[in-house]
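What follows is the residue order along each chain.
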Amino acid sequence: MSFFPSPFDSPSIRLAWLAGLSKKLLGAGSKNEVLDLIDDALSVPAPGGDPGALESLATLYRGQVGNVGTVFDQVDRVGRKGLPEVWVGDTSVLASDAVKAAGRAVTQMSEAFHEGASVLLTLADAIGAAQRQDERGRGQLVEQKNALGGRDGFFDDMHENDEEEWDRANAAHYSSYAVDLMHTAVSDAQEATRVAARDLNKLAAEARAGKMGTSELTAVDKLMLADTGVAGADAELNEILTAAELERTSARMDLLSLDDEMAMERMLAKSETPQERAYLMKALAAGHSVAEIGTFQDKIHGKDPDWMRRHLTPVVTATDSMNDEGLAANGSNNNTDDVTFDGQRWIQGGDGSEGTCVASSTVTSRAMVDPLYALELTGGPDGQEDDPDAFKQRLVAEQHRLHTEGEGGENWGGMGPEGQERINDSAVGGATGSDYERQDLDSAADRRAVLTEVEKSVAQGHPVPVDVSGKDGAHAMTIIAQEGDMLQVYNPWGSTTWVSEDDFINGHMGKASDSDLPNAYSVYLPR
């Protein structure tokens, strides 16, 4: 038994190997060379996977939908009774709000089982089709090998008559076609597996209440925290606590001293809105002490949810933001949403005049995961300001601080990859507990291969910096969300937009900036 992995365990290596064999077959100069190349192709493993097992799992998922429906009916009956305004849970959640949240959670669970089953069935079909295609290619290779007969001896190999030359060229041609079938099978199976992983990772991230394993909060408290969204926006696109933040709050609650735990529960019980509670827990997830969170609550307590949205959530995703509205003259999407505070954009240099794209992207990423940091920028020292000019001054000063920390270029222009990684580690990783690692993307294949990890990261709530370039320059942006085959990108020119996976893979990232910057050449992945 070998203890070393086969290079063919990697679909990318299999694809490159088969592509090379197909080309070599067309140029093979002897019968023995054709036979050797056929044997090389037959040695490549077939696409793995068990379609039957995937179909059985899909059937099991679908079988749970009826059980979920029964739960929904029970929750719905409770919700129709007109509950009194009573408090439940350790954090004084309104019973009526809790029942509404439970109803939404049950609906989402039903949808998850439906979608999970569909994902698995689609994968089963794709794997089965790829395996049949691979089997067809292998069968043709065996046919050509049998038609050529045994290997030529030394002297036979030195000379071919016209008939032998025809047979060899014919076998090489059909064998090359057969290898192409095998190549397509591997490619199709790889892409189907990637898409299934993307969709299942997203469904796992959306199983939100289950992320909180702590025993320090009741089930009702967990449900409400997971369900609470930004005020005035689609809740499913704008949850205050991301999946990763729910996990971190749970872990941190379990580590608190008894005094801190009691203080935290008092703050949660004192909160006047679900949003206030969620932002307190988001602050805990960002690594702040209970004392710091207490000071933070003093600044936001009693504020209406709209005030909290403006001051604490830089990016709010609109329900129509994914609509395709075509391209502007400069190659960017027409459908973009400005990222603003009181009309002042979260933009590099405060007006787009500086080249601090790396630092500016990092500032906004940190503000997205740390509400105390966001409030320091928007609300000032006392957290109460609503002054766009003062916000602009603080924003630019923080961009300059990080630009200097990352040893950016003179005149506030540019930053090297080492500095970019360092400031993401300190600013964003300091709040999320992640360590960012640069990954170069030298080809479409590299970009396709990295997508699963990028999408899993943003589904969990970890921003992923992405660098783009063109003939005359480069630019830093951040991937901040994923829905289906679409990626939401924050551009430090002060806006967000959505691009497709195909745009990311095939050099159309100009849709998030302009046509001069089409190619994604590196990402920074949180580890």
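No experiment lies behind these values; they were computed from the predicted model shown. Along each chain, numbering runs from 1 in the same order as the chain's sequence is written. It should be noted that, the model being predicted, local features are given only for residues of pLDDT at least 70 and side-chain atom pairs only at 80 or more, the latter also being counted only at that level, while totals for whole chains, interfaces and linings use all residues. Note: side-chain values were computed over all heavy atoms of the structure, leaving out hydrogens and water.

(A) Structural detail: the overall build of the protein. Assigned secondary structure in the protein consists of 18 helices and 11 strands. For the exposure calls, accessible area comes from a 1.4 Å probe over protein chains only, and a residue counts as buried if that area is under 20% of its type's maximum, exposed if over 50%, partly exposed in between. Classification of the 527 residues of the protein by burial places 48% in the buried group. The numbering of helices and of strands both runs from the N terminus, where a helix is a DSSP run of H or I of at least 4 residues and a strand a run of E of at least 2.

(B) Structural context of the packing of helix α8 (residues 243–255) against helix α10 (residues 274–285). Where α8 meets α10, the axes come as close as 8 Å, and the angle between the chain directions of the two elements is 75°. Judged by the inter-axis angle, α8 sits roughly perpendicular to α10. Contacts between α8 and α10 involve Glu245, Arg248, Thr249, Arg252 and Met253 from the former and Met281, Lys282, Leu284 and Ala285 from the latter. For this classification, Asp, Glu, Lys and Arg are treated as charged, while Ala, Val, Leu, Ile, Met, Phe, Trp, Tyr, Cys and Pro are nonpolar and the rest, including Gly, are polar. Here the contact of α8 with α10 is composed, by residue class, of four nonpolar, one polar and four charged. Comment: axis = line fitted to C-alpha atoms, over the contacting stretch for helices; angle = value between 0 and 180 degrees taken between N-to-C directions. Just so you know how the angles are binned, under 35 degrees is roughly parallel, over 145 roughly antiparallel, 65 to 115 roughly perpendicular, and the rest oblique. Any two residues whose heavy atoms approach within 4.5 Å are treated as being in contact.

(C) Representation of the sheet that holds strand β9 (residues 486–491) in the model. The pairing criterion is simple: DSSP has to find at least two bridges between the two strands. Reading across the sheet, the seven strands line up as β3-β10-β9-β8-β7-β11-β6 and stay open at both edges, with antiparallel pairing between neighbours. Across the chains shown, the open sheet's two edge strands, defined by having one partner strand only, are β3 (337–338) and β6 (436–440). Set on the sheet, helix α13 (residues 357–369) makes contact with β8 (474–483) and β9; between it and β8 the angle comes to about 25°.

(D) Representation of the packing of α13 against helix α14 (residues 371–379) within the structure. Following both chains from N to C, one finds α13 and α14 inclined at 120°, their axes separated by 5 Å at the closest point. The orientation of α13 relative to α14 falls into the category oblique. Here Val363, Arg366, Ala367 and Val369 of α13 come into contact with α14, specifically with Pro371, Tyr373, Ala374 and Leu377. Counted by class, the contact of α13 with α14 contains seven nonpolar, no polar and one charged residues.

(E) Representation of the nonpolar core. By nonpolar core is meant a set of buried Ala, Val, Leu, Ile, Met, Phe, Trp, Tyr and Cys residues that side-chain atoms within 4.5 Å join together. In this structure, Met264, Tyr279, Leu280, Met281, Phe296 and Ile300 are the most contacted members of the largest nonpolar core, which totals 29 residues. When contributions to this core are tallied by element, the ones reaching two or more residues are α7 (219–227), α8, α9 (258–270), α10, α11 (290–300), α12 (305–312) and α14. Among the elements that make up this core, the one with the highest residue count is α10 (six residues). Those residues in contact with methionine 281, other than ones at most four positions away along the chain, are Met212, Leu217, Leu225, Leu241, Thr249, Met253, Met264 and Leu268.

(F) Layout of the pattern of salt bridges. Any Lys or Arg side-chain nitrogen located within 4 Å of an Asp or Glu carboxyl oxygen qualifies as a salt bridge. Inspection of the entire model under this criterion finds 22 salt bridges. Glutamate 191 serves as the salt-bridge partner of arginine 194, at 2.9 Å between the closest nitrogen and oxygen. Placement of both arginine 194 and glutamate 191 in helix α6 (residues 162–205) is noted, with a separation of three residues, approximately one turn of the helix.

(G) Quick look at a negative patch on the surface. Patch members must show over 30% relative accessible area and no salt bridge, and they are joined within 9 Å when carrying like charges or within 5 Å when they are nonpolar side chains of Val, Leu, Ile, Met, Phe, Trp or Tyr. Areas reported here follow the Shrake-Rupley algorithm with a probe of radius 1.4 Å; residue values treat only the protein chains shown as occluding. For the purpose of counting charges, residues Lys and Arg are taken to be positive, whereas Asp and Glu are taken to be negative. His and the chain ends are not included. All charge positions are set by atom: Lys at NZ, Arg at CZ, Asp at CG, Glu at CD. Side chains of Glu111, Glu115, Glu206, Asp234 and Glu236 sit close together on the surface and give a patch of like negative charge. Looking at the secondary structure, you find glutamate 115 in helix α5 (residues 95–148). The partly exposed category is assigned to glutamate 115, whose relative accessible area is 41%.

(H) The arrangement of the packing of aromatic side chains in detail. Aromatic rings from Phe, Tyr and Trp, with only the six-membered ring used for Trp, were paired whenever their centres fell within 6.5 Å, and each pair was classed as stacked if the ring planes differed by under 30 degrees, edge-to-face if by over 60, and tilted otherwise. As enumerated under the stated definition, the model contains two aromatic pairs in all. Ring geometry for phenylalanine 341 versus phenylalanine 391: centroids 5.2 Å apart, planes at 65°, classification edge-to-face. Of this pair, phenylalanine 341 sits in strand β4 (residues 340–341) while phenylalanine 391 sits in helix α15 (residues 388–405), and the two are 50 residues apart along the sequence. Taken together, the ring pairs connect Phe341, Trp346 and Phe391 into an aromatic cluster.

(I) Region of the structure containing unusual backbone geometry. For glutamate 407, which is not a glycine, the phi torsion comes out positive at approximately 55°. Looking at the secondary structure, you find glutamate 407 in the loop between α15 and α16 (417–432). Residue classification places glutamate 407 among the exposed residues on the basis of a relative accessible area of 64%. Phi is positive for tryptophan 412, close to 55°, though the residue is something other than glycine. Its location among the elements puts tryptophan 412 in the loop between α15 and α16.

(J) Up close: α12. Along α12, the positions that sit buried rather than exposed are Trp307, Met308, His311 and Leu312. Down the axis of α12, the sector holding all buried residues measures 100°, keeping them to one side. Identification of polar contacts relies on pairs of N or O atoms within 3.5 Å, with a donor-acceptor requirement for protein atoms, meaning one able to donate a hydrogen and the other able to accept it, and with residues adjacent in sequence counted only if both atoms are side-chain atoms. You can read the cap of α12 off the contacts: a side-chain oxygen lies 2.9 Å from the backbone nitrogen of aspartate 306, and it is on aspartate 304. Taking the helix axis as origin, the arc is that swept by the directions to the C-beta atoms.

(K) Up close: the pairing of β9. Of all six residues in β9, six are buried; the element is thus mostly enclosed. What you see with β9 is no split at all: Met486, Gln488 and Tyr490 on one side and Leu487, Val489 and Asn491 on the other are buried throughout. Of the strand pairs in this sheet, β8 and β9 are connected by five bridges, and their pairing is antiparallel. Within β9, the position partnered with glutamine 482 by the bridge is leucine 487.

(L) Inspection of the environment of glycine 49 at higher detail. Structurally, glycine 49 is set in the loop between α2 (31–42) and α3 (51–63). For the pair formed by glycine 49 and threonine 193, sequence separation is 144 residues and the distance between their alpha carbons is 9.7 Å. With sequence-adjacent residues up to four places away left out, glycine 49 is seen in contact with Ile127 and Gln131.

(M) The pairing of strand β10 (residues 495–500), seen in detail. In terms of burial, β10 is largely enclosed, as six of its six residues are buried. Side chains Ser495, Thr497 and Val499 project from β10 onto one buried face, and the interleaved Thr496, Trp498 and Ser500 project onto a second face that is buried too. Judged from the two bridges that link them, β3 and β10 form a sheet pairing that is antiparallel. Each bridged residue has a counterpart across the sheet, and for aspartate 338 the counterpart in β10 is serine 495. The pairing of β9 with β10 spans six bridges and is antiparallel. Paired with leucine 487 across the two strands is valine 499, which belongs to β10. Where β9 folds back onto β10 in an antiparallel hairpin, the turn is made up of three residues, including glycine 494, whose phi is positive at roughly 105°.

(N) Up close: the confidence of the model for the protein. For every residue, the predictor assigns a confidence score, pLDDT, that lies between 0 and 100. Chain-level pLDDT for the protein is 89 on average; 88% of the residues reach the 70-or-more range. Residue range residues 1–5 is modelled with pLDDT below 50. Its contacts to residues more than four positions away, or to other chains, number zero contacts. Contacts from residues 78–90, a stretch scored under 50 in pLDDT, to residues over four places away or in other chains number 28 contacts.

(O) Structural detail: the environment of aspartate 516. Relative to the helices and strands, aspartate 516 resides in the loop between α18 (501–505) and β11 (519–526). Ignoring sequence-local partners within four residues, the contact set of aspartate 516 consists of Ser469, Gly470 and Lys471.

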